[in-house]
Structures are given as structure tokens and as C-alpha cells.
Amino acid sequence: MGEASSRIGTSARRIEDAALLRGAGRFLDDIVLPDLLEATFLRSPVAHGLIRRLDVSAARALQGVHAVFTYADLRPLMTSDRMPLALPAAGLRFAVDPFVLAVDEVCYVGEPVALVVAQTRRIAEDAAALITLDLEPLPAVVDPVDALAADAPKVRRECPDNLVARTRIDYGDADAAFAQAPHVIGQQFRLSKGGGHSMEPRGVLARFDEAEDLLTVWDSTQMPHRAKAILVDALGLSERQIRVLTPDVGGGFGPKAVFHPEELAIPAAALLLRRPVKWVEDRFESFTATCGERDQVWTMQVAFTQDAKLLGIRGTLRHDHGASTPYGIALPYNAATNLIGPYVLPAYRIEIDLCMTNKTPSAPTRGAGRPQGTFVMERLLDCMARKLGLPRDEVRRRNLIAPSQMPYPIPVRQRDGSTMEYDTGDYPECQARALKAAGWTDFSARQAQALSEGRYIGLGLANYVEATGRGPFESVAIRIGPSGEIVASTGATAQGQGVKTMVAQIVADAFDVAPQAVHVVTGDTSATHAGLGAYASRQAVTAGNAAHRAARLIVEKAATAAAELLEVSRDDIEIVGGACRVKGVPEQARSLGEIARALAGTPGFALPANLPPGLSVATDYMTAGLTYTNGTHLAEVEVDPETGGVTILRYVVVHDCGRMINPMMVEGQVIGGVVHGIGATLFEWMRYDAEGQPLSVTYADYLLPTADVVPRIEIHHMESPTPLNPLGVKGAAESGTIGAPSALVSAVEDALRPFGVTITDLPVTPPALRRLMRAAAARSAA
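Source: prediction; values computed, not measured. (Residues numbered from 1 in each chain as written. Predicted model: local features only at pLDDT ≥ 70, side-chain atom pairs only at ≥ 80, totals over all residues. Heavy atoms only, no water.)

## Re the packing of helix 10 (residues 370-388) against helix 18 (residues 735-751)
- Packing of helix 10 against helix 18 leaves a shortest axis separation of 8 Å and a crossing angle of 30°. Judged on the interaxial angle alone, helix 18 and helix 10 are roughly parallel. When the axes of helix 10 and helix 18 are compared, the crossing they make is right-handed. Here helix 10 contributes Arg370, Pro371, Thr374, Phe375, Glu378, Arg379, Asp382 and Arg386 to the contact with helix 18, which in turn contributes Thr737, Ile738, Pro741, Ser742, Val745, Ser746 and Glu749.
- Of the residues that constitute the contact of helix 10 with helix 18, the class distribution is five nonpolar, four polar and six charged. (Axes fitted to C-alpha atoms, helices over the stretch in contact; angles between N-to-C directions. Helix = DSSP H or I, 4+ residues; strand = E, 2+ residues; numbered from the N terminus. Parallel < 35°, antiparallel > 145°, perpendicular 65-115°, else oblique. Left-handed = near helix turned anticlockwise from the far one by under 90°. Contact = heavy atoms within 4.5 Å. Nonpolar A, V, L, I, M, F, W, Y, C, P; charged D, E, K, R; others polar.)

Here it is in C-alpha cells:
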């Protein structure tokens, strides 16, 4: 590089936005192919039942219908009875992979039973309404605690019981810690979390080309290479016969990382019909068919000293896992490990039970269990502060891990077998900056003044950490042809978070060009040999470092070739403006396109410097370990005690994700995460009745945070670069979600201190707050 400053760390404009803002994005439902057919699914209307009769004859007879498929129709195409989704997990007692379509039992409302393919979606839906489905109702299980009772009905008849997995975390001597503790507090928490609810729902389009012997699948997925691997396994095809692409994807947030039955059923239908088939989820299906998070019940105790030092935490976590295991057991384990947070916790024991229920299968949404674990710890710390009569910030400060203790190992085994270890960060400074930015020291006076005016305001805080950059790898390939165009292909996938800009910015930095000069290809299994995709706040770490490595390898090759062509030493070459030139003699230069042409070879002549042909490289970046982002959130709220309504007055975040590639995009990710957290705390509640019928299946019943309730969110950055990767970066996409519920509930509880309210459950709806206030008043009166 020449004298130009690094492009990494600048708020470059996103290269994706020009097309999206002009309506030129290409989402799955924008793809129209010749002879395209459209599909819909008949789904179970009950939470649990036996299929006594399934008659599709009337549907098949409807004009415009091309096929109606049941499980029996699709099974001959597949290599096994169930979808091969099982992920390795030591605590799994038995795997419950889903069926592509229900066989003889339905286990949740929304489970697909039959697939209708027709000329149009409207005809397909009319045909689905003609299918006769006779069901014998079976008892439904809807509560994860009740599911473990000895006399509980089975969620699935073939399973031995409802305890699908059991695992634990156990380090230190928890019993001794509690035996010697001067203070012990116990509390139960029931935490509900809903779905991802991305702007674009799920969708799949598949086409089989007989001439190419190729099944092409367009899928709004976060993990196209995993989708391809499952299709290869399930359909018995070879890797060369399947290509999976993600078009523009309008948000993922976790559920699109899960491979759902529709993603196998639609390609199977395309193979059988030899016609392209498309299915796009409707919003009712978003609530009933798409995986999301459900209830967690924590029964916990904390032991601590008179000077507010943590001695130990112990308890149980009962996790509602829904009706199958489409994504392993990572979600509750994440929650349990994230409880530790940025604090010194000498002893910790928790038993984790994954309980099957007759609900849509559970899988991660943004935060993936971490907001719940953080919530439990932060609530316990607030209980400690109240018990000891200490300020909430002081209790936290006394327990925060000091920067001098970094790297800080914690004796917890992670799912890859490694030991949990925080790499970098200054947690006390992060909290101190957040307190100052939010006016913590001045707040008590403002609160007293507001109370004198009949207003109830409160200020809450929360600290958190997040494990990011989960491996084991990500891939990037860069190629430059004689035209000079720089093309970077990656196994990373774009969901709207700016992955193409991130990769382009890193590659552009190496070649000293504008990010717009780099063409980035994401989410195409034919463009990269392997990839893992979008989950666990990982792509800046994994794909970013892969792009950095690949670009530096090409820079070195181009510079070596240029030195040969210009007859100078390699040390005399610099790269400026996308050209290799002689230092101090800028007119002596070769463009990257000219170097690529020379390396393409001429028959009978040697390549420059005897280098391998072509100006391209493919590399995989293998992670050295998880790297930990951290932050502190403060929320100021006002509560109307007459209605239970909560107004967020101010929100402050101090956030540390290591070295930032693009601060503007980091802020966008953190703000988006906070908004998700606001929704999970105050609005979103996926409710079911006692029979397993979902009660929140429209956005009139399931509320999302809107512009009128979201305040201006102030972001303050710290940067603690990690030594675990060359760029020093950490992930950021989910962290905003993690601290929000804890900070908001702490603030609401602070506002209602005159009423003696203690909040243990999520979400905190106005009726729930009114019930808590009435219960507190009754206790006070007694």
C-alpha cells in the first residue's frame, strides 16, 4: 500500500444500499422462472393428534392443481424416514428429527401434513381447503415444567418421555459456597421469548435442469452450505447435482439458520414434477411453522458476602424445546453460560433440562439464549443490592472482572471441547463510561423531583458479554481477471447486515481501491467450496479474516509478478489505487488487470517469476477460539401506574467489539439488537392456550416495537482488539439484544420502587405490571 490511510475503521457507505433503496433488490419472491408452479401446505390445526384419514382426491381434481403430495408420495425420493438434522450434543438423550410431512401423528399446530402444487398460490390454497383431514385428538403438553411430571402425556408417541436432553454446568464448590454464605437469595424466573419476525418471511424455490442434471435451490436461508449438505444427504444426490443460492434476504435473526421441512419438500416436488416450484411463507405460518424461542423457567439461588461479593450460584433451567430437535441443544446452554457474564463467579452449578412440548420446535432467535442468562444474573444482582442496601452499580463494580485478569479463563467446557476464556476487555471502565453518559449520579435528584410531580421514572443498568466469532472456519476466494475486476466470493451470507460491505472494505484496503470496486458474492454454494454462514455474530471474525488473508496473498503475488515485469526488486513495489507501481516512480506501474493478463499465460512463454497461473486465491480462516464482546446498557423509563404503560425516555449503550471495521454498521447492528430487546421485554409474547393453540398469530396480537415507542439510542464505543485474529475484531450483531431486557426491567422496577414491585418474568406487559402492583399492595397491607 502507498500512503493512503486504512479503509478499515471508517464508516464507508454500504455497497448494498443503492440497489435496495431503488427497489432493485432481488428477493426470493421476485424470482420468476418459466413454467413456475406455486405451492402451499396443509397444516395441522391441533397441537397433538393421530391422523385417522387423509383424503386428497378432491384437491387433486381441482383445475389448475398439478400435484398433492403426502409423506407417502415423497418418501420414495428420500434416503431415510426423517430429515437428517441432528447436531452432535453430549446431553441429547434421543434425537427427534422432523418428518418432511407428518406421517401418522401431528405434534404441533402448524406442522405440515400435505403439499399442494398448482398453477398459482390462490389455486393451491383453494385445493388445500378441499383436503379431508380427520384427526383423533391427543392430550397436549404446553408447559416445560409440567412436561417432566411422571404422569405427563407424551409429546410424541415414539419417544420414551418428554425429557429430550439433560446437561449441566458445574465448577467450583457450590455447596460449600452456600454453606458459608452470610446471605442467600432464591428466585424463580419465567422468561418468554418469541420469534425472529424478519421483514421477509421464509421462502424456497427449486428447479431441476435435466440437461445439466442439476437441482438449483433458491433459499432465504442463513446457511446455504448446510442446506446443500442436508439436501445431498436427504435426497441421495451428489454434491455436483445440487446448488443452493441465497438471493437478497430480508433479515434472518436465527430462524432462517434452521433447516425447516419446507426446504426439503419443495426441492423434492421440483424433482418429481420436473417443473420449478416456489413456496413463500405467509404471516400465519411465521407464527405457527417457523422455529422460534419459547419459555424458560429458571429456579435459582445466589450466595454472597456482606460486602456484596458473589460466592456462588446454583439452580435449574427448564427449557421449552418444542416438538422436535431441529438445531441441537445450544440455545439453553448458551443461556446458562452467559449467566456468568463479566463477573467473578467462584462457583456455579446448574442443571439444564430440555423439555419437549406440543409447540413449534424451538431454535435460536437473535441473542440465542444469552439475553435470558444475562437477565437472571442481572436480576440477582439487583436483589443483592436491595438486600444489602447498596447502589446497584456498586454491587456490579465489586464483582466485575478486572482488565489485569485478562485473559480470564472460566472452567466451563464449550461445545467444541475448549475451555471458556474471555480474551480482552475493560469491564469496569465500560460500566463507568455508561454511568457517566447516562447521568447516573444526578438521577436520584431528578427521580425525586419527578415523584413530587406524580411521575414515576426509573433508571436501570445491565452488563453483559457475548461469545462471538464461532468457528470452526469461513471461506473466501478472490480472483482478478484481465478486466481488472476484483471478485470476492465467500461462504458468509448476507441477511441485510452489510456483509458485502464488510468484505469489500477489507479487500479494498489491501488493494487501495474504493469498496465499490470490489464485487462480492455471498451465499452461493457454487462460488465457494465450503462455508458455514450467518449465526452467532461470527462473520466479521471468520469471513473478515479470511478476506484479509486472501487479499494479502494476492497482493504479494501481484507485487512479485509486477517486480518481474518492471525489472525491479519486490521491495521496490507498492500498491496504490489498484496498481503495482515502483516507489518514487509512479509512472512505472502495472494495473491488476495487466498483471492478471500476464499470469493468464501465453503459449510457449514462461509466467512472470515462474509464479503459478492466475491472480486468484481461495482460503479458509480457522478460528483460534471465541472472542468476547461486552457492553453496558442503561435505560431510563417512565411508568404510568394507572395503566402499567412503560415509556422509554432514554437509552445509552457503551459497546466494545474490538477493532471496528465499519463503525456506522456496528452502530446499526447494536441499535437493531436493542430494538429486538425492547420487543422481547415489553411487547412480544407468543401465547398458547392449555390445548396448545397459539393465541398470538397476527401482529394485532403479537406486538412489535414501532417507531413511536423506540427512543433515540445513544451508542458509545470502546475498542479492545482481540489477539485471537489478525484484524483484532469481534462480533456485534446480537449484542444489543443481550443487555436490553435486563436494563429495561431494572429501570421499570426502579420507577416502581414506591410500590415495592419485584419483576421476575418476561415480557413485562401493562396487565402484568398492574398485577404485580396489586400483589405488592396486598403484601404491604398484610
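## Re the pattern of salt bridges
- For the structure shown, the criterion picks out 54 salt bridges.
- Arg190 is the salt-bridge partner of Asp143, the closest N and O atoms lying 3.0 Å from each other. With a gap of 47 residues between them, Asp143 in the loop between strand 6 (132-137) and strand 7 (163-171) and Arg190 in strand 8 (residues 183-192) connect regions that are remote in the sequence.
- A relative accessible area of 14% places Asp143 in the buried class.
- When its relative accessible area of 30% is taken as the criterion, Arg190 is described as partly exposed.
- Among the salt bridges present, the one from Arg202 reaches Glu262, with a minimum N-O distance of 3.1 Å. With Arg202 in the loop between strand 8 and strand 9 (203-209) and Glu262 in helix 7 (residues 262-273), this residue pair connects regions lying 60 residues apart in the sequence.
- Its relative accessible area of 1% is what places Glu262 among the buried residues. (Salt bridge = Lys/Arg side-chain N within 4 Å of Asp/Glu carboxyl O. Buried < 20%, exposed > 50% of the residue type's maximum accessible area, 1.4 Å probe, protein only.)

## Details of the sheet that holds strand 24 (residues 585-591)
- Taken together, three strands build an open sheet; the order of strands is 22-23-24 and the sheet is antiparallel. The sheet is open, and its two borders are formed by strand 22 (573-576) and strand 24, each paired with just one other strand. Taken pair by pair, the neighbouring strands of this sheet meet at an average axis angle of 40°, ignoring direction.
- Where strand 22 lies against strand 23 (residues 579-582), four bridges are found, and the strand directions are antiparallel. Paired with Glu574 across the two strands is Arg581, which belongs to strand 23.
- Against the sheet, helix 16 (residues 592-600) engages strand 23 and strand 24, with an angle of about 50° to strand 24. (Pairing = 2+ DSSP bridges.)

## Topic: helix 10
- Between its terminal C-alpha atoms helix 10 stretches 27 Å, which fits the 27 Å expected from 19 residues at 1.5 Å a residue.
- Counting buried positions along helix 10 yields 17 of 19 residues, so the element is predominantly enclosed.
- Immediately downstream of helix 10, the backbone of Gly389 shows phi near 70°, a positive value. (Expected span 1.5 Å × (residues − 1).)

## Thoughts on unusual backbone geometry
- Following Met406, the chain continues to Pro407 via a peptide bond in cis, the omega torsion being -5°.
- Along the chain, Leu762 connects to Pro763 via a cis peptide bond; the corresponding omega equals 0°.
- Tracing the backbone through its elements, the reader meets Pro763 in the loop between helix 18 and helix 19 (766-781).
- Even without a glycine there, the phi angle at Ala536 is positive, about 55°.
- Exposure remark for Ala536: the relative accessible area of 12% places this residue in the buried category.

This is a description of form; function is not addressed.
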